[in-house]
Every structure is written in structure tokens, then in C-alpha cells.
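Fold and contact review
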Amino acid sequence: MTEPIFTNDAIVFGILMISLGFVFYTENIKAGFWQKFYKIVPGLFMAYFIPALFTTFGVISPEWETTNTMGETVGASSQLYYVSSRFLLPAALVLMTLSIDLKAIFNLGSKALIMFFTGTVGIIIGGPLAILLISIFSPETVGGADFDAVWRGLSTLAGSWIGGGANQTAMLEIYQYNPAKYGGMVIVDIVVANVWMAILLIGIGKKDKINKWLKADTTAIEELKEKVISFTQKVKRNPTLSDLMIMLAIAFGTVGFGHFASKYLSIFFSDFVASIESQTWRNIFSFLGSGFFWLISVSTIVAIILSFTKAKNYEGAGASKIGSVFIYVLVATIGMKMDLNQAFENPGLMVIGLVWMIIHAGLLILVAKIIKAPYFLLAVGSQANVGGAASAPIVAQAFHPSLATVGVLLAVFGYAIGTIGAIACTILMELASTL
């Protein structure tokens, strides 16, 4: 990727914050064009889309190539997404989970798990079905031999879209796809997953109409939101400087502990998994060696424990609002990773990815219609698979900050079953490629 206009992260962060400020300013204009615009397009989508436009037009970039003083071409990258996902995301989850009502979350019932596992099944069967469909029109697109076989590369997408980065790496290790061609699969992963996330965000603006069409029962979700809202009203106060500093101490103190614990837990479990004799079982449990998995898990567990203490009352001082600020910064850095030009670099593979995601979406819509599940569970069930712990809370909190934890809990399921589901998907994709 060519060097963008701005490579200094301080400048890029300023651009992202100005774009977020623009979105919030225009979203709060209650007349004229902007009022009509935001009735159609949610602000959260714009917070994601504007940085994507900056990247597409070469103003900023997540990665690029540059020439060093020796005249050598070297790779460079922005650290903003890393900082947002490793520091601001877990801090946001802590602040949003302080006021959580676990009993009310469990009252969401079996529909939450049904929609999550429907999303998983959609990915498992979507891959082989996409290969079969594309092979009718373009057999060379789904061909390849030995370690260049396309199905091997697509196995990494299955790992990413059911679990996350650790599962994706595990699938690359299992099926040994040609590393020189792996970059093409990463582009498909980024573009298709982000396009689907954008569609889900747009759908949030139409959630009432969608729920009406699904004939969904939103009672449990509304009860959860009402409990948090009524609790917030009961403990509401103007935050003092002391309140703000203590909330940040709770959030980033927990994040610090999460990083400390994740380092040792990931090393311990990496060694434990490496000691397993069976290669298959080693690959299945490879996600336990992911530091990010443990960071999110430990931070969420600590936050849930704190929700049973007086720390819960900081919701009245705006804990979830601060958490939402962090989430929006994360959304902007995710949008920055989306270069719309990449969608045209390998159209064949991109079509496979899009067909695959359409099958995943279609199955979710069908099951949601049958069991009358609300759009919230459809969207979060999908993102807990496709986006994982980094984006499932974003979609969940767009409905209400109190729902962010639902996205995290479902995403953790994704990590746990990601490699198993991806292996099942890959076996079917290999069979589909030979038909």
C-alpha cells in the first residue's frame, strides 16, 4: 500500500476525533438535511464510514510501505487500532459492565444462543456452498492445487469468522496455505466482514421496522434496558473530578491487571496446549494461547465481580458514557482499516466471500423469522462470530450501552468453538472443491 498523506499517529488520531466530532455535531442538529439524513443512516455507521473514506482516498492508512534512509522499502503501520483494541476496548467493557444485571441477561433466554449458533452454522455451510455456486461460473476461482488450493486459504476465513485472530492463525497452521497468497485472504476477511458490519449498523436505524417484520418479542431486551435506565436514574449525579478519576482508575486498573494476567495465562495455556499429544486437539485449543482472548475475558470477569459492589453506583456518574466514548474511538480505528479499493483487487475471491456472507445472513434472517428473535440478537449473534470480541460489543452497545456485555459473552463462545467449527467448514469446502 502506498504511503498516505498523514503517517503520524498524533495527526491521524486528530483526524479521527474531528470526524467523530463532526458526526456527533451533525447528529444533534434537529432540523433540515441532517435530521433527515440520520433518520436513515445511524451515527455509528458514519463514525465508521468517514475514516474508511479517508483511507480509501489515501489521506490515512492502517499500513503502508515507505523508503528508509538506506533506500530500502520497508513496511510501516499505525498503532491506533492496537491501542484502541487493547486499551480502550477492555476499559469500555469494564465501564459498561459495572451496572450489568446478570439475571436480566440470562432472561434473554435460549434465543440468544440459538441465534449465535445459527450464525456459526451459517459460516460452516456458507463456505462450501459458496465454492459450489462460484465453481459453476468460474471453476478456476475456486481451484488451485496442493498448498495453493483456494479451499486451504478459505479455511483461514472460517477460523476468523467463527472465532477470531487466534483461530485464523490456527487454521493457517493446520492447512498450510501458501503464505505468499495469504494476504489476499486477509483482504477478503477485512472487506467482507466490514461491509457486513456496516450493513448491520445501518439496520440498527431500522430496528423497529425489522422487529415488526420478524414479529419479534423484545420484552426481555426492553426489561434489561429499563432496569439499567431506572438504576441509572436512581443513582444519577453530576460527576465530580474525583468521580471521573476513580472511574478511569477502575477501568484502566482492570485493563492493566488484564494485561498482566493475560501474559501469564497465555504462556501457561500455550505450554499446556503444546504438551497435548494429539495434533487435532492442539489445534482446537490453540485459542487459549491468545493474549487478546484472556485480556477480554479477565477484564469482563473483573467487571462482573465489581458489578456486585458499590462500584456499580458509578453508572450514575456516567460510567457507560465514558465507555461509549472509548467504543466510538475504536469504531473509527476499525473504519480506518477499511480500504474500499481493496474490494476490486481480487474480484473472484471477493465474490466467494460475499456469497458466503449472504448465506450466513440469509440463514440468520430465516431462523430469526421462525423463532421471532429480535434484530438485536440477529446482529449480535452474527458479529459475535464474524467480528469477535472487538466488534460484537460495538454492535450491541449501539442498541443500548447496557447490552455491550451480551456481545462479549457471545464472542467468547466464538473463540471457544472457532477452530472446531472452522475445521468442519474446511472439510466440507475441500469436498465441494473436488465435486
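The structure this text deals with has already been given above.
Summarised in this report is the structure supplied together with it. (Residues numbered from 1 in each chain as written. Predicted model: local features only at pLDDT ≥ 70, side-chain atom pairs only at ≥ 80, totals over all residues. Heavy atoms only, no water.)

Further remarks concern the overall build of the protein. A count of helical and extended segments in the protein gives 19 helices and two strands. Taking 2.2 N^0.38 as the reference for a compact globule, 435 residues should give roughly 22 Å; the C-alpha atoms of the protein span a radius of gyration of 22 Å, in line with that estimate. With the principal axes as the frame, the protein shows a C-alpha extent of 65 × 55 × 55 Å. Residue burial in the protein is summarised as follows: out of 435 residues, 52% are buried. For the protein, contacts bridging at least 24 residues in sequence account for 83% of all contacts bridging at least 6. In the form shown here, the protein has an accessible surface area of approximately 19,200 Å², with 67% of it arising from carbon and sulfur atoms. (Helix = DSSP H or I, 4+ residues; strand = E, 2+ residues; numbered from the N terminus. Rg over C-alpha atoms; globule rule 2.2 N^0.38 Å. Buried < 20%, exposed > 50% of the residue type's maximum accessible area, 1.4 Å probe, protein only. Contact = heavy atoms within 4.5 Å. Areas by Shrake-Rupley, 256 points an atom, 1.4 Å probe, with all protein chains shown as cover.)

This next bit is on the pattern of salt bridges. Within the structure shown, the criterion is met by two salt bridges. Residue Lys225 is joined to Glu222 by a salt bridge in which the shortest nitrogen-to-oxygen separation is 3.4 Å. With Lys225 and Glu222 both in helix α11 (residues 219-235) and three residues apart, the pair spans about one turn of that helix. Assessed through its relative accessible area of 14%, Lys225 is described here as buried. For Arg237, the salt bridge is made with Asp243, and the minimal N-O distance between the two is 3.1 Å. (Salt bridge = Lys/Arg side-chain N within 4 Å of Asp/Glu carboxyl O.)

Quick look at the nonpolar core now. In this structure, Leu154, Trp161, Trp356 and Phe376 are the most contacted members of the largest nonpolar core, which totals 133 residues. Once you skip the residues sitting within four places of it in the chain, Phe376 turns out to touch Ile221, Ala396, Phe399, Leu403 and Val406. (Core = buried A, V, L, I, M, F, W, Y, C linked by side-chain atoms within 4.5 Å.)

Further remarks concern the pairing of strand β2 (residues 73-77). Pairing between strand β1 (residues 63-67) and β2: five bridges, direction antiparallel. Looking at β2, one finds that Trp64 is bridged to Ala76. (Pairing = 2+ DSSP bridges.)

A word on the environment of Lys103. Its location among the elements puts Lys103 in helix α5 (residues 102-106). It is 9.1 Å that separates the C-alpha atoms of Lys103 and Leu224, two residues lying 121 residues apart in sequence.

Now for the packing of helix α12 (residues 241-274) against helix α14 (residues 291-306). When two helices pack together, you describe them by how their axes are tilted relative to each other and by the distance separating the axes. The interhelical angle for the contact between α12 and α14, taken along N-to-C directions, is 135°, at an axis separation of 7 Å. If you check the angle between α12 and α14, you find them oblique. The crossing of α12 and α14 is right-handed. In contact with Ile250, Thr254, Val255, Phe257, Gly258, His259, Ala261, Ser262, Leu265, Ser266 and Phe269 of α12, α14 contributes Gly291, Trp294, Leu295, Val298, Ser299, Val302 and Leu306. Its residues placed into classes, the contact of α12 with α14 shows 11 nonpolar, seven polar and no charged. (Axes fitted to C-alpha atoms, helices over the stretch in contact; angles between N-to-C directions. Parallel < 35°, antiparallel > 145°, perpendicular 65-115°, else oblique. Left-handed = near helix turned anticlockwise from the far one by under 90°. Nonpolar A, V, L, I, M, F, W, Y, C, P; charged D, E, K, R; others polar.)

To continue, consider the environment of His259. Within the fold, His259 resides in helix α12. Separated by 53 residues in sequence, His259 and Lys206 have C-alpha atoms that sit 38 Å apart. Excluding residues that lie within four positions of it along the chain, His259 makes contacts with Arg86, Phe87 and Leu295.

Below, the discussion takes up the packing of aromatic side chains. A complete count under the given rule lists 21 aromatic pairs for this structure. Centre to centre, the rings of Phe269 and Phe272 are 6.5 Å apart; their planes meet at 85°, and the pair counts as edge-to-face. A residue pair is termed a helical-turn pair when its members lie 3 or 4 positions apart in one helix, as Phe269 and Phe272 do in helix α12 at three residues. Residue classification places Phe272 among the partly exposed residues on the basis of a relative accessible area of 44%. Relative to Tyr415, the ring of Phe293 has its centre 5.4 Å away and its plane inclined at 75°; by these criteria the two rings are edge-to-face. On the criterion of sequence distance, the pair formed by Phe293 in helix α14 and Tyr415 in helix α19 (residues 404-434) is long-range, its members being 122 residues apart. Comparing Phe293 with Tyr415 shows no difference in burial state: the two are buried. Lying across the ring of Phe231, Lys312 places its NZ or CZ 5.2 Å from the centre. Between Lys369 and the ring centre of Trp213, over which it is positioned, the NZ or CZ distance is 4.3 Å. (Phe/Tyr/Trp six-rings, centres within 6.5 Å; stacked < 30°, edge-to-face > 60°. Lys NZ or Arg CZ within 6 Å of the ring centre and 35° of its normal.)

Under the 1.5 Å per step criterion, the end-to-end length of α11 is 24 Å for 17 residues, consistent within 8% with the ideal 24 Å. Residues Ile221, Leu224, Lys225, Val228, Phe231, Thr232 and Val235 constitute the buried set of α11. What you see down the axis of α11 is that its buried residues fit within an arc of 130°, all on one side. Of the exposed residues in α11, those oriented more than 90 degrees away from the buried face are Gln233 and Lys234. (Expected span 1.5 Å × (residues − 1). Arc of directions from axis to C-beta.)

Our next topic: a nonpolar patch on the surface. A cluster of nonpolar side chains, namely Tyr82, Val83, Phe87, Leu241, Met245, Leu248 and Phe252, defines an oily patch on the protein surface of about 640 Å² accessible area. When residues of the nonpolar patch are traced back to their parent elements, those giving at least two are α4 (80-97) and α12. The greatest single-element share of the nonpolar patch, amounting to four residues, is contributed by α12. Note that Phe87 resides in helix α4. (Patch = residues over 30% accessible without salt bridge, like charges linked within 9 Å, V, L, I, M, F, W, Y side chains within 5 Å.)

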